[in-house]
Amino acid sequence: MSGPASWPPVPTVIGHRGVPGHRLEHTRGSYLLAIELGADYLEPDVVATRDGHLVVRHENEIGHTTDVADHPELADRRTTKRIDGVWTSGWFTEDLTLAEVKTLRVRERLPQLRPQNLALAGTEEVLTLEEVVDIARQAPRRVGVYVETKHPSYFRDRGLDLDDLLLDVLERADLNRTDAEVPVVVQSMETGNLRGLRPRTPLTLVQLMDRKGAPWDLVSGGDPRTYADLTTPAALAELAEHVDGIGPNKTLVIARRTGHWLDGETGLVARAHAAGLLVHVWTMRDENNFLPADFRTSSDRAAAGDAAAEYRAFFDAGVDGVFSDYAATAVAARQAWRAGR
C-alpha cells in the first residue's frame, strides 16, 4: 500500500457512487468494482434513518431507487414532503428504521440511459456508511471515502444532525484524523454544515457548487448569494477560511454556449488555486447524454461518446480531480494525459 505522502494521485479519480455505469449505484458491487478499476476514492451520499443511522442513497426519497413500493408492510409510509423547497412524494429514509431499510433491494435510477443495469435489480441491499468504510478498508491498496451529506438543514430540522451522525461513525472507526488508514473527505452542497464541521474535524472539507441556484441553507436563511456568487475571488478567499476545496459542476470550469458546445475556460480553477483551494469537478460520464456536444458520437443518448476528450479538456484546465461514473475511463484518460504532457 502506498504511503500518505504519495497519495492520492493528481488528477484524483473519485468513484462517484462507485461505478454506476456498470453496477447499481451506491451498492457493494459498485464500490468493489470501482476499486478494481482504479478509483482513488469511493463516493457515498448519506442520508439518515428514523433511528439515526447513515445509509447510502442519492436522496432520502427512495421510491425511485429501491423496491420499497413492493413492500405492503411499508405502504402506509408513503407521503409527500417539502425537501429544500421542492414538494416530493414517495418513501423517505427518515420515516424508516435501519432494519426496515435493510429489507429493501436496489434498482437502477436511470433505466433509459443504463439498461445494462436493469438485470441487477433486486440483487443488492442498501448500505450503511460503516459498510462503505469497511469496503475501502479492505481494499488491496489505499482507497479513500469521499462522503456527501445530503440535505443537512432538512435533517437537522427533524432532529437528525448529519454532521453529528457522521462524526460519530468516523470517531468509532478511528478515521477523524488526517493520518487515518482510510482517508476521508466531507462534501456538501450547503455552506453552514461545513462551517460547523471545521472546528470539529481536521479532515478535508469540500464546498460543492451547482451551475445554477444557491445553497439551501442560504436560501432558507434569507441570504441572497448564489453558487455563482461563491466563485468570485473574494468569496473563494472567504471559503478557504473553513474548507479545503470546491467541487463545482463542470460547466463552472469550462462554460457551454447554446447547444451544449464548450465555450472556453471560466478562470475558476485559477481563482480557486489562488485562494489555496482544490478543485474537483462533477460529474464525468461516458454517455452522449452527459457530454458536451463537441464529444458526442451519435444521437443515441445512452451510447458512449468521446469521454476521453472531455477528460483531457478538464485535465488541461488544471482541475485536481474528477467525480466519475466510469472509473476505468477516468484512469485511462489520466494515464494518457500524463504520457502526453
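About the thresholds
Residues numbered from 1 in each chain as written. Predicted model: local features only at pLDDT ≥ 70, side-chain atom pairs only at ≥ 80, totals over all residues. Heavy atoms only, no water. Helix = DSSP H or I, 4+ residues; strand = E, 2+ residues; numbered from the N terminus. Rg over C-alpha atoms; globule rule 2.2 N^0.38 Å. Contact = heavy atoms within 4.5 Å. Lys, Arg positive; Asp, Glu negative; His and termini not counted. Charge placed at Lys NZ, Arg CZ, Asp CG, Glu CD. Buried < 20%, exposed > 50% of the residue type's maximum accessible area, 1.4 Å probe, protein only. Pairing = 2+ DSSP bridges. Right-handed = clockwise from strand over helix to strand, strands pointing away. Salt bridge = Lys/Arg side-chain N within 4 Å of Asp/Glu carboxyl O. Core = buried A, V, L, I, M, F, W, Y, C linked by side-chain atoms within 4.5 Å. Axes fitted to C-alpha atoms, helices over the stretch in contact; angles between N-to-C directions. Parallel < 35°, antiparallel > 145°, perpendicular 65-115°, else oblique. Left-handed = near helix turned anticlockwise from the far one by under 90°. Nonpolar A, V, L, I, M, F, W, Y, C, P; charged D, E, K, R; others polar. Polar contact = N/O pair within 3.5 Å; in protein donor to acceptor, adjacent residues only side chain to side chain. Phe/Tyr/Trp six-rings, centres within 6.5 Å; stacked < 30°, edge-to-face > 60°. Lys NZ or Arg CZ within 6 Å of the ring centre and 35° of its normal.

## What about the overall build of the protein chain?
A count of helices and strands for the protein chain gives eleven helices and 14 strands. The C-alpha radius of gyration computed for the protein chain amounts to 19 Å, which stays within 12% of the reference 20 Å derived for 341 residues, consistent with globular compactness. Taken along its principal axes, the extent of the C-alpha atoms in the protein chain is 55 × 45 × 45 Å. Pairs at least 24 apart in sequence give 67% of the contacts found in the protein chain among residues at least 6 apart. A gap of 3 Å separates the mean positions of the 39 positive and 51 negative side-chain charges of the protein chain.

## Comments concerning the pairing of strand β8 (residues 184–188)
Where burial is concerned, most of β8 is hidden: five out of the five residues are buried. Going residue by residue along β8, you find Val184, Val186 and Ser188 tucked away on one face and Val185 and Gln187 tucked away on the opposite face as well. For strand β7 (residues 144–149) and β8, the ladder comprises four bridges, and the chain directions are parallel. For Glu148, the partnering residue across the bridge sits in β8 and is Gln187. Bridge count for β8 against strand β9 (residues 204–209) is four bridges, and the pairing is parallel. By the bridge assignment, Val186 is partnered in β9 with Leu205. Note that the unit made of β8, helix α6 (residues 192–197) and β9 has a crossover that is right-handed.

## Points about the pattern of salt bridges
This model, assessed by the stated rule, comprises 28 salt bridges. The partner of Lys150 in a salt bridge is Glu148, with the nearest N and O atoms 3.8 Å apart. The pair Lys150 / Glu148 is uniform in exposure class, with both members buried. A salt bridge links Asp161 to Arg156; the shortest N-O distance between them is 3.2 Å. Owing to a relative accessible area of 36%, Arg156 belongs among the partly exposed residues under this scheme.

## Some remarks on the nonpolar core
Side chains that are nonpolar tend, in soluble globular proteins, to be buried together. Counting 89 residues, the largest nonpolar core has Leu42, Leu129, Ile246, Val253 and Val319 as its most contacted members. In terms of nonpolar packing, the next biggest core, distinct from the first, is built from nine residues, Trp7, Ile14, Tyr41 and Trp282 among them.

## What to know about the packing of helix α10 (residues 307–316) against helix α11 (residues 327–340)
Packing of α10 against α11 brings their axes to within 9 Å, and their N-to-C directions diverge by 55 degrees. Of the possible angle classes, the one that applies to α10 and α11 is oblique. α11 is crossed by α10, and the crossing has right-handed handedness. Contact with α10, carried on its side by Ala307, Tyr311, Arg312, Phe315 and Asp316, involves Thr329, Ala330, Ala333, Arg334 and Trp337 of α11 and no other residues of that element. For the contact of α10 with α11, the class distribution of residues is six nonpolar, one polar and three charged.

## Observations regarding the side chain of His26
By the secondary structure assignment, His26 is in the loop between β1 (12–16) and α1 (28–36). One polar contact links His26 to Asp45, side chain to side chain, over a distance of 3.1 Å. Not counting residues up to four positions away in its chain, the partners in contact with His26 are Arg17, Tyr31, Glu43, Pro44, Asp45, Val56, Arg57, His58 and Leu127.

## Let's talk about the packing of aromatic side chains
Tallied over the full model, the rule gives six aromatic pairs. Geometrically, the ring pair formed by Tyr311 and Phe315 is tilted, given 6.0 Å between the ring centres and 40 degrees between the ring planes. Pair noted here: Tyr311 and Phe315 are both in helix α10, with a separation of four residues, about one helical turn. The class for Tyr311 is buried, based on a relative accessible area of 0%. Judged by centre distance (5.4 Å) and plane angle (55 degrees), the rings of Phe315 and Trp337 are tilted. Note that Phe315 is positioned in helix α10 and Trp337 in helix α11, a separation of 22 residues in sequence. Take Trp337: its relative accessible area is 12%, and that puts it in the buried class. Among the aromatic residues, those joined into a cluster by ring pairs are Trp7, Tyr41, Tyr146 and Phe323. Its guanidinium or amino end placed over the ring of Trp7, Arg142 lies 5.3 Å from that ring's centre, counting from NZ or CZ. The ring of Phe290 is capped by Arg285, whose NZ or CZ atom sits 4.5 Å from the centre of that ring.

## A word on helix α5 (residues 162–172)
When we look at burial in α5, the residues that qualify are Leu162, Asp163, Leu165, Leu166, Leu167, Val169 and Leu170. Put simply, Asp161 is the residue that caps the front of α5, since its side-chain oxygen is 2.9 Å from the backbone nitrogen of Asp163. Just downstream of α5, Asp174 is the residue with a positive phi angle, here 60 degrees.

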